[in-house]
Amino acid sequence: MFKRVTPEVRSGESPRSGKRWIIGTMVLAGGLVAAACGSSSPATSSAAKKPATHHKSGSAAAATTTTTAAATATTTTTAAAGATPTTAAPAATGSAAPKASSTTKTTVKAAAPAAPSTGLGSALGGSNDFNTPAATLTGAGSTFDQPLFARQFFDYHNDNKGVSVNYASVGSGAGEADILASSVAFGASDVPEPGSTTGTGGALLQVPVVLGGIAMAYNEPCMGTNAHLTGTQIAQIYSGKITDWHAIDANCPSGSNIEPVYRADSSGTSNAFTNYLHSVDGADWGSSLVGKQPAFPKGEGGNGNAGVAGDVQGGAGTIGYVELAYALQSGLNYAAVQNSSGSFVVPNASSVAADAASFPGVTADNYLIVNGSGANAYPISTYSWVLVYQKQSNQNNGIALGKMLDWMATAGQSDASAIGYVPLPSNIVALAEATIKKMTNSAGQALFS
């Protein structure tokens, strides 16, 4: 059973303020074999994040944006011993619930080192020493990942109390910038960097850790639950060609205005969503509208998946694209989307897995999995990746980071289905472990056998 952690709102703060979550968690030592255990002090704190600059819609309908709150407007939550972090739906106030967090930070606090754990075999070959060095790991990036990361970092720290993790949920683009600048130990993005990309710390490795569906969440009572939408209808809603819910469903009265909500920040979720729109309707959604932060023709911008979910929940006639966990947590209705076989399918564990199965050759250079061919596939799905440096300047942190990533891709996948994510298929687990084995120390010696 999981215990909900209630946010503590600082004096004078509005419940609509942007929130920073600090979740005390404990971590399980993963199945990697440390080849060397040099000691050095834990490294780095995450660089301060600047609020995103938001695109203002040029459509006739006035567009609004949701911006990142100042650092002083935060909600701090610390998990009590034995508690597991949850991200529950915001409580409603009147007709609309408080807007969800636009920037989320998950901190996992270290305790005294525990006795060596047992119970996991070696995921990468050889015997497992279970002696992960004490380390402080900082990360930043994808909001798509944050609900799952919060649970995984908590569970991981439960069995490896010398490792602490501080993750800032600031969007894929910001996470990529942070790892390239070496201001964090790892970045997280739904869009891998090109294979030749290097940062200040040298060559990058990209480890797949998350699989999920992007739900089309909406707030329009006349559409009922799991309304049927085609890819062309979604493209025309976001391009401004369809502006009335009556054009989608005759049960809605004429004049039921549609307000699309998009990601205003640099977003891997946007990249998958816009690639999907272009793949199903290139006429209405041209290649210039594809990417992490395109200029959306119509609508309002929200910062992060949480910001989009909050705008949909707090608006009228709204529709937005969010990782399924955010729709579930917010209690939002979400659509059954027509797939390439003509079936209308809702996102869930089996339909996202069916979409992923259509793409067996996924790599960091060939990562898109939208509009799969499976009869039961949900067509708007994506993997997310953790970006790390191949050469780890801090050997202890490198060993701790590699072991944590291995656990996240294997045993830690048990956390996925409980909150709307999908366990990684076996070929992706194999890709993750093969990538982790490439990590080295500063002298180029492999960290894991």
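How each quantity is defined
Residues numbered from 1 in each chain as written. Predicted model: local features only at pLDDT ≥ 70, side-chain atom pairs only at ≥ 80, totals over all residues. Heavy atoms only, no water. Helix = DSSP H or I, 4+ residues; strand = E, 2+ residues; numbered from the N terminus. Buried < 20%, exposed > 50% of the residue type's maximum accessible area, 1.4 Å probe, protein only. Contact = heavy atoms within 4.5 Å. Areas by Shrake-Rupley, 256 points an atom, 1.4 Å probe, with all protein chains shown as cover. Pairing = 2+ DSSP bridges. pLDDT = per-residue confidence, 0-100. Core = buried A, V, L, I, M, F, W, Y, C linked by side-chain atoms within 4.5 Å. Salt bridge = Lys/Arg side-chain N within 4 Å of Asp/Glu carboxyl O. Disulfide = S-S within 2.5 Å. Phe/Tyr/Trp six-rings, centres within 6.5 Å; stacked < 30°, edge-to-face > 60°. Lys, Arg positive; Asp, Glu negative; His and termini not counted. Polar contact = N/O pair within 3.5 Å; in protein donor to acceptor, adjacent residues only side chain to side chain. Arc of directions from axis to C-beta. Axes fitted to C-alpha atoms, helices over the stretch in contact; angles between N-to-C directions. Parallel < 35°, antiparallel > 145°, perpendicular 65-115°, else oblique. Nonpolar A, V, L, I, M, F, W, Y, C, P; charged D, E, K, R; others polar.

Undergrad: I keep staring at the overall build of the protein chain and nothing clicks. Help me out?
TA: If you tally the helices and strands in the protein chain, you get nine helices and 18 strands. Within the protein chain, buried positions represent 57% of all 449 residues. A separation of at least 24 residues holds for 79% of the contacts in the protein chain among residues at least 6 apart in sequence. Here the protein chain displays about 16,100 Å² of accessible surface, and carbon together with sulfur accounts for 53% of that area.

Undergrad: What's the story with the sheet that holds strand β9 (residues 228-229) in this structure? I'm lost.
TA: Through backbone hydrogen bonds, the strands of a sheet pair up, either in parallel or in antiparallel fashion. What the three strands build is an open sheet, ordered β9-β14-β15; its pairing is mixed. The sheet terminates laterally at β9 and β15 (344-345), the two strands that pair on one side only. As judged from the two bridges shared by β9 and strand β14 (residues 336-338), these two strands associate in the parallel manner. Considered in β14, the bridge of histidine 228 is made with alanine 336.

Undergrad: Please explain the confidence of the model for the protein chain as it appears in this structure.
TA: Low pLDDT marks regions whose predicted coordinates should not be analysed in detail. Model confidence for the protein chain is summarised by a mean pLDDT of 78, while 71% of its residues fall at 70 or above. This stretch, residues 1-130, has a pLDDT under 50; its non-local contacts, to residues over four places away or in other chains, come to 336 contacts.

Undergrad: I'm lost on the nonpolar core in this one. Help?
TA: Phe186, Met216 and Tyr238 are the most contacted members of the largest nonpolar core, which totals 89 residues. With nine residues, strand β8 (residues 202-219) is the largest single contributor of residues to this core. With residues near it in sequence (within four places) discarded, methionine 216 still touches Ile234, Tyr238, Phe273, Ile319, Gly320, Tyr321, Asn333, Tyr334, Ala335, Val337, Tyr378 and Ile380. If you look at the next biggest cluster of nonpolar residues, it comprises 13 residues, including Ala215, Val261, Tyr326 and Leu332.

Undergrad: Would you explain unusual backbone geometry in this entry?
TA: At serine 182, a residue that is not glycine, the phi angle is positive and equals roughly 60 degrees. If you trace the backbone, serine 182 turns up in the loop between α2 (172-180) and β6 (186-189). Phi angles above zero are rare outside glycine, and asparagine 371 is one such case at about 60 degrees. Topologically, asparagine 371 is positioned in the loop between α7 (349-357) and β16 (381-389). For asparagine 371, a relative accessible area of 23% corresponds to the partly exposed category.

Undergrad: What's the story with the pattern of salt bridges in this structure? I'm lost.
TA: Pairing is possible between side chains of opposite charge, provided their charged atoms come close. Going through the model one piece at a time under the given rule, you end up with three salt bridges. We note a salt bridge from glutamate 176 to lysine 292, for which the minimum N-O separation is 2.9 Å. Linking glutamate 176 in helix α2 with lysine 292 in the loop between α4 (268-280) and β11 (300-302), this pair joins segments that are 116 residues apart in sequence. Residue glutamate 176 is classed as buried on the basis of its relative accessible area of 4%. The partner of arginine 263 in a salt bridge is aspartate 265, and the shortest N-O contact between them spans 2.7 Å.

Undergrad: Can you walk me through the environment of asparagine 371 in this structure?
TA: For the pair asparagine 371 and serine 340, spaced 31 residues apart in sequence, the C-alpha to C-alpha distance is 6.2 Å. Leaving out residues up to four positions away in the same chain, asparagine 371 has contacts with Tyr276, Ser279, Val280, Asn339, Ser340, Asp355, Phe359 and Pro379.

Undergrad: Please clarify how the environment of asparagine 427 should be interpreted in this entry.
TA: Structurally, asparagine 427 can be placed in helix α9 (residues 426-436). Residue class for asparagine 427 comes out partly exposed when judged on its relative accessible area of 33%. When the C-alpha atoms of asparagine 427 and alanine 357 are compared, they prove to be 9.8 Å apart, with 70 residues separating the residues in sequence.

Undergrad: Can you walk me through the state of the cysteines in this structure?
TA: Inspection of every chain in the model, using the stated rule, returns one disulfide. One disulfide in the model links cysteine 222 with cysteine 252; its S-S distance is 2.0 Å. On the S-S bond that ties cysteine 222 to cysteine 252, the torsion sits near 95 degrees, and the link is right-handed. Of the two residues, cysteine 222 sits in the loop between β8 and β9 while cysteine 252 sits in the loop between α3 (231-239) and β10 (259-263), which places them 30 residues apart along the sequence.

Undergrad: Can you help me understand the packing of aromatic side chains in this one?
TA: The way to describe two aromatic rings as a pair is by their centre distance and the angle between their planes. In the structure shown here, the tally under the stated rule is 15 aromatic pairs. Seen from their ring centres, phenylalanine 153 and phenylalanine 186 are 6.3 Å apart, and the 70 degrees between their planes marks the pair as edge-to-face. One end of the pair, phenylalanine 153, is in helix α1 (residues 146-159); the other, phenylalanine 186, is in strand β6, with 33 residues separating them in the sequence. Owing to a relative accessible area of 1%, phenylalanine 186 belongs among the buried residues under this scheme. Cluster of aromatic residues (ring-pair linked, three or more members): Tyr238, Tyr262, Phe273, Trp285, Phe296 and Tyr321.

Undergrad: In this structure, what is going on with the side chain of aspartate 249? I would like to understand it.
TA: Here aspartate 249 lies in the loop between α3 and β10. Lysine 298 provides the closest opposite charge to the buried, unpaired aspartate 249, separated from it by 20 Å. Side-chain polar atoms of aspartate 249 contact the backbone nitrogen of asparagine 251, separated by 2.8 Å. With residues near it in sequence (within four places) discarded, aspartate 249 still touches Cys222 and Met223.

Undergrad: It is not clear to me how α9 should be interpreted in this structure. Could you clarify?
TA: Quick reminder: α-helices carry 3.6 residues per turn. Residues three or four places apart thus point the same way. Listing the buried residues of α9 in full gives Ile428, Val429, Ala432, Glu433, Thr435 and Ile436. Each buried residue of α9 sits inside an arc of 160 degrees when the element is viewed along its axis, so together they form one side. Elements in contact with the buried residues of α9: β8, β16 and α8 (395-409).

Undergrad: What exactly am I supposed to notice about the packing of α8 against α9 here?
TA: Describing two packed helices takes the angle between their axes plus the distance from one axis to the other. For the pair α8 and α9, interaxial distance at closest approach is 10 Å and the crossing angle is 175 degrees. Our classification of the angle between α8 and α9 gives roughly antiparallel. Counted together, Gly402, Leu405, Asp406 and Ala409 of α8 and Val429, Ala432, Glu433 and Ile436 of α9 form the full contact between these two elements. For the contact of α8 with α9, a count of residues per class yields five nonpolar, one polar and two charged.

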